[in-house]
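# Notes for the structure review
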Amino acid sequence: MDRYESLFFNANFKEAASEAGWVAYRGELILKEGEVADAQGRRKPPVEVLKQAILLTAGEELKLLVGSIDELQFFPALMDKYGADIKPGSLVVLYTVNIDNPFVYTVNGAPVVFIPMVQGMVWTELCEVLGLEKGDFKGMGAADKVVKVYEELKSHDFKCPEVAIEEALGKTNANKRENHGAI
C-alpha cells in the first residue's frame, strides 16, 4: 500500500485490517498529476482522479481496486499507474459515467468490470450489488469492511459480456456526472 501513497488524494482513511498484512484505503487516487506549479516542484491539483476509490492490498499484492471515473477514456491513465499490479486474483470494478451498458474487460488475467453510473456513491452501489446491508458490517473497523466487500466480490458473478476496451471506447456517450447536495 505504501507505494501508492504518493497517489492518494483527499484520503478518507488508510488502515490495517485485522488480518495481518492487509491494508485498506478509501479516498481518491490520482490518475494524472497536475502540472508543476513552481520552482519547488509543487504541483497543481490532479487533472484526473479515480473518485470514491477503494483500494485493498495484501502484502505486495493489489487485491481490490474500485472507484468511479468520469470517462472511459481515463482508463488508459489508470492502467499506466496501477495496471502492472493488476494480476490474477485482483478484482477491479469501475463505475463509469459515459457508458451505456456494463461490460467486463480482462487485464493480466484479472476481470475489470465497468458499470454505468452518473450519480450515486460507489460504496453504496457496490454494497447494493452484493446484497450487503449495514448489519453485515456491524462491529467491523473500516479496513475490515473493505475486506468483507472483497470476499463477497470474489464469488459474485456480474453477468456482463466481455468487450474489448478498444470497442468500448468507440461506444461512449456524452453523459456527465450528476451531483446533488446542499445548495
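For the structure, see preceding data.
What counts and how
- Residues numbered from 1 in each chain as written.
- Predicted model: local features only at pLDDT ≥ 70, side-chain atom pairs only at ≥ 80, totals over all residues.
- Heavy atoms only, no water.
- Helix = DSSP H or I, 4+ residues; strand = E, 2+ residues; numbered from the N terminus.
- Rg over C-alpha atoms; globule rule 2.2 N^0.38 Å.
- Contact = heavy atoms within 4.5 Å.
- Areas by Shrake-Rupley, 256 points an atom, 1.4 Å probe, with all protein chains shown as cover.
- Lys, Arg positive; Asp, Glu negative; His and termini not counted.
- Charge placed at Lys NZ, Arg CZ, Asp CG, Glu CD.
- 1 Å grid on protein atoms, 1.4 Å probe; cavity = no way out; pocket = protein on both sides within 12 Å on 5 of 7 lines; lining within 4 Å.
- Points joined across faces, edges and corners; volume = space filled by probe spheres on them.
- Nonpolar A, V, L, I, M, F, W, Y, C, P; charged D, E, K, R; others polar.
- Phe/Tyr/Trp six-rings, centres within 6.5 Å; stacked < 30°, edge-to-face > 60°.
- Buried < 20%, exposed > 50% of the residue type's maximum accessible area, 1.4 Å probe, protein only.

## Digging into the overall build of the protein
From N to C terminus, the protein includes four helices and seven strands. Taken from N to C terminus, the helices and strands of the protein fall in the order β-β-β-β-α-β-β-β-α-α-α. Taken over the C-alpha trace, the protein has a radius of gyration of 16 Å; the compact-globule value for 183 residues is 16 Å, and the two agree within 12%. Dimensions of the protein along its principal axes, counting C-alpha atoms only, are 45 × 45 × 40 Å. By sequence separation, contacts in the protein at least 24 residues apart represent 54% of the contacts at least 6 residues apart. Element-wise, carbon and sulfur atoms account for 49% of the exposed surface of the protein, whose accessible area totals about 9,700 Å². Charge-centre separation for the protein: the mean point of 20 positive side chains lies 3 Å from the mean point of 28 negative side chains.

## A look at the layout of surface pockets
One simple way to see leftover space: roll a probe sized like a water molecule over the atoms. Quantified by volume, the largest pocket comes out at close to 170 Å³. A class-by-class count of the residues in the lining of the largest pocket yields six nonpolar, two polar and three charged.

## Some points on the packing of aromatic side chains
Across all of its chains, the model carries seven aromatic pairs by this definition. Ring centres of phenylalanine 75 and tyrosine 105 lie 6.1 Å apart, and the angle between their planes is 85°; on these two criteria the pair is classed as edge-to-face. Of this pair, phenylalanine 75 sits in helix H1 (residues 75-82) while tyrosine 105 sits in strand E6 (residues 103-107); the two residues are 30 residues apart in sequence, bridging distant segments of the chain. Note on accessibility: phenylalanine 75 and tyrosine 105 belong to one class, buried. Taking 5.2 Å as the distance between ring centres and 75° as the angle between the ring planes, the aromatic pair formed by phenylalanine 75 and phenylalanine 114 counts as edge-to-face.

Structural measurements only, silent on function.
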